[in-house]
Amino acid sequence: MELENKEVKKNEQENKKDDIKEENKMNIEEENKKEPDNKEEKKEEEIKKIKKERKISELEKLIDYKYNDKGELLHKITKKKCGKLNQQEYDLVGLYVQCYVENLIITKFDLNILYVPNKSNNYLNRDETIPQCKILTTKDFSTNPKCLILIQGTGVVRLGQWARSVCINENLDLGTMIPYVDKAIKNNYSVIIMNPNERKDFKTEEEIEEFKTMESHSVYVYNNIIKKNNNIKDIYIVAHSRGGECAVEILLNNKEDLMEGKIKKIAFTDSVHGEDYLKLGKDGVKLFRKISRNYIGSDKPLGAFVRDYTTSYGGVDCYSSGHSKHEYTSGSAIEEIFKYFSENKNE
């Protein structure tokens with residue numbers, strides 16, 4: 001009987017050891033499952049922090065690509081252009097492009113940063129009490145009588161960009177406003193760059209109540225900054241894609257600037273501004289057509305006539321941008337646009 005009890009105890013101890021081993025094994029497996037999740041969480045937190053701080057040097061560490069001196073985004077090792085990316089990679093590359101272009105255009109031309117909206121008239125100072133976004137101007141904006149307004153299209157593009165896909169897949173000369181600012185300065189224009197897609201504060205990410213739409217941003221900037229600058233006598237506008245709707249909205253809210261000849265020329269690039277211009281009235285529409293052109297996607301040579309306003313949805317004559325793809329039209333048409341701006345207004 002005593003021997004039997006010992007055997008039972010021995011079996012119980014063996015079973016207990018097995019249970020402990022199994023429990024330890026399960027704990028280890030559970031830890032191994034948790035560890036990758038924790039690593040992913042840490043990585044996500046790190047990415048969020050870098051995204052918020054928007055430091056180019058830190059963003060460059062997270063991606064395999066970098067801009068060269070020619071404005072081409074190339075792989076750091078293979079030196080090839082950007083290949084197929086997953087969504088997270090594309091988002092990071094997109095943010096890198098945004099920060100890189102903004103920093104480059106500001107430093108290259110020593111541009112002023114203005115913060116809008118603003119409770120006071122001192123747009124050069126950031127107001128931490130309200131959500132704001134940035135716009136840019138050349139240093140001579142407050143004194144130069146000739147002003148060029150640049151308005152991008154809708155979507156992911158931000159300060160200084162015409163098309164992010166072109167910035168990624170082609171180069172910055174075709175995808176950004178840098179050549180426009182350069183050429184404007186050389187031709188004695190001041191420049192103001194709008195930022196109509198930025199609906200949230202660039203630091204806090206709070207919604208900017210005043211800028212629910214692209215048009216509300218554009219009209220605010222025009223009415224509060226451009227129009228109140230009494231030194232500006234001649235205004236020229238380049239507006240891409242849905243930026244064309246912003247330009248038309250500016251005209252509808254400031255018809256006197258059109259009728260009195262303050263707004264000299266408008267160059268749309270593959271604009272989708274529709275028929276809202278008809279609200280300008282008979283005389284307003286006539287003048288709008290006289291001072292406007294739409295440089296559209298076309299296989300025809302740069303500057304070639306494509307169709308007149310009677311067959312154009314946007315109500316203005318259309319000319320070739322020199323490129324068939326929508327996103328390339330602004331970068332491609334630059335020479336023709338400045339040539340058009342320099343033509344005698346009575347021609």
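Residues numbered from 1 in each chain as written. Predicted model: local features only at pLDDT ≥ 70, side-chain atom pairs only at ≥ 80, totals over all residues. Heavy atoms only, no water.

> How would you summarise the sheet that holds strand 11 (residues 318-320) if you had to cite specific residues and measurements?
Spatial strand order, 3-4-6-5-7-8-9-11-10: nine strands in an open sheet with mixed pairing. Among the strands making up the open sheet, the edge pair consists of strand 3 (112-116) and strand 10 (305-307). Direction aside, neighbouring strands of the sheet carry axes that sit 25° apart on average. Relative to strand 11, strand 10 runs antiparallel, the two sharing two bridges. Each residue of the ladder has a partner; that of Phe305, found in strand 11, is Tyr319. Contacts between helix 10 (residues 281-291) and the sheet are confined to strand 8 (263-269) and strand 9 (292-296), with strand 8 contributing the most and set at about 65° to the helix. (Pairing = 2+ DSSP bridges. Helix = DSSP H or I, 4+ residues; strand = E, 2+ residues; numbered from the N terminus. Axes fitted to C-alpha atoms, helices over the stretch in contact; angles between N-to-C directions. Contact = heavy atoms within 4.5 Å.)

> Give me the lowdown on the packing of aromatic side chains, citing residues and values where you can.
The full count for this structure, using the stated rule, is 17 aromatic pairs. Here the aromatic rings of Trp162 and Tyr180 are separated by 5.4 Å at their centres, their planes lie at 70°, and the arrangement is edge-to-face. Of the two residues, Trp162 sits in the loop between strand 5 (146-151) and helix 4 (164-169) while Tyr180 sits in helix 6 (residues 178-186), which places them 18 residues apart along the sequence. The residues Trp162 and Tyr180 share a single accessibility class, namely buried. Seen from their ring centres, Tyr295 and Tyr319 are 6.2 Å apart, and the 40° between their planes marks the pair as tilted. (Phe/Tyr/Trp six-rings, centres within 6.5 Å; stacked < 30°, edge-to-face > 60°. Buried < 20%, exposed > 50% of the residue type's maximum accessible area, 1.4 Å probe, protein only.)

> If you had to explain the pattern of salt bridges to someone new, which residues and values would you point to?
Going through the model one piece at a time under the given rule, you end up with 16 salt bridges. The closest approach of N and O atoms between Arg158 and Glu198, which form a salt bridge, is 3.6 Å. Of this pair, Arg158 sits in the loop between strand 5 and helix 4 while Glu198 sits in the loop between strand 6 (190-193) and helix 7 (214-226), placing them 40 residues apart in sequence. Of the charged contacts in the structure, one is a salt bridge between Arg242 and Glu245, with a shortest N-O distance of 3.1 Å. Three or more residues joined by partner-sharing salt bridges are found here, namely Arg126, Glu128 and Asp201. (Salt bridge = Lys/Arg side-chain N within 4 Å of Asp/Glu carboxyl O.)

> Account for the packing of helix 6 against helix 11 (residues 329-342), naming residues and giving values.
Viewed as axis vectors pointing N to C, helix 6 and helix 11 meet at an angle of 15°, and their least axial separation amounts to 10 Å. With respect to their mutual orientation, helix 6 and helix 11 come out roughly parallel. As for how helix 6 packs across helix 11, the hand of that crossing is right-handed. Together, Pro179, Tyr180, Lys183 and Ala184 of helix 6 and Ser330, Ala333, Ile334, Glu335, Ile337 and Phe338 of helix 11 make up the contact between the two elements. (Parallel < 35°, antiparallel > 145°, perpendicular 65-115°, else oblique. Left-handed = near helix turned anticlockwise from the far one by under 90°.)

> Kindly report on the layout of surface pockets, identifying the contributing residues and their values.
Of the pockets and cavities examined, the largest pocket occupies roughly 460 Å³. Taken together, 18 residues form the lining of the largest pocket, with Arg54, Leu95, Gln98, Arg158 and Glu205 sitting closest to its centre. Among the elements of the structure, helix 1 (2-53) and helix 3 (87-109) are those that each provide at least two residues to the lining of the largest pocket. Looking at the lining of the largest pocket element by element, the count peaks at four residues for helix 3. Looking at side-chain class alone, the lining of the largest pocket contains three nonpolar, three polar and twelve charged residues. What the second largest pocket holds in volume is close to 300 Å³. Around the second largest pocket, the lining comprises 15 residues; the ones closest to its centre are Arg54, Cys99, Glu102, Lys134 and Phe202. Going through the elements one at a time, helix 1, helix 3 and strand 4 (133-137) are the ones with two or more residues in the lining of the second largest pocket. Among the elements that make up the lining of the second largest pocket, the one with the highest residue count is helix 3 (three residues). When its residues are assigned to classes, the lining of the second largest pocket shows five nonpolar, two polar and eight charged. (1 Å grid on protein atoms, 1.4 Å probe; cavity = no way out; pocket = protein on both sides within 12 Å on 5 of 7 lines; lining within 4 Å. Points joined across faces, edges and corners; volume = space filled by probe spheres on them. Nonpolar A, V, L, I, M, F, W, Y, C, P; charged D, E, K, R; others polar.)

> Requested: an account of unusual backbone geometry, with residues and values cited.
In this chain, Val116 is followed by Pro117 through a cis amide linkage whose omega measures -10°. The residue Pro117 is located in the loop between strand 3 and strand 4 in this model.

> Describe the side chain of Ser271, with residues and values.
Of note, Ser271 is situated in the loop between strand 8 and helix 10. Accessibility expressed as a relative area gives 12% for Ser271, which makes it buried. Not counting chain neighbours up to four residues away, the residues in contact with Ser271 comprise Ser241, Gly244 and Asn294.

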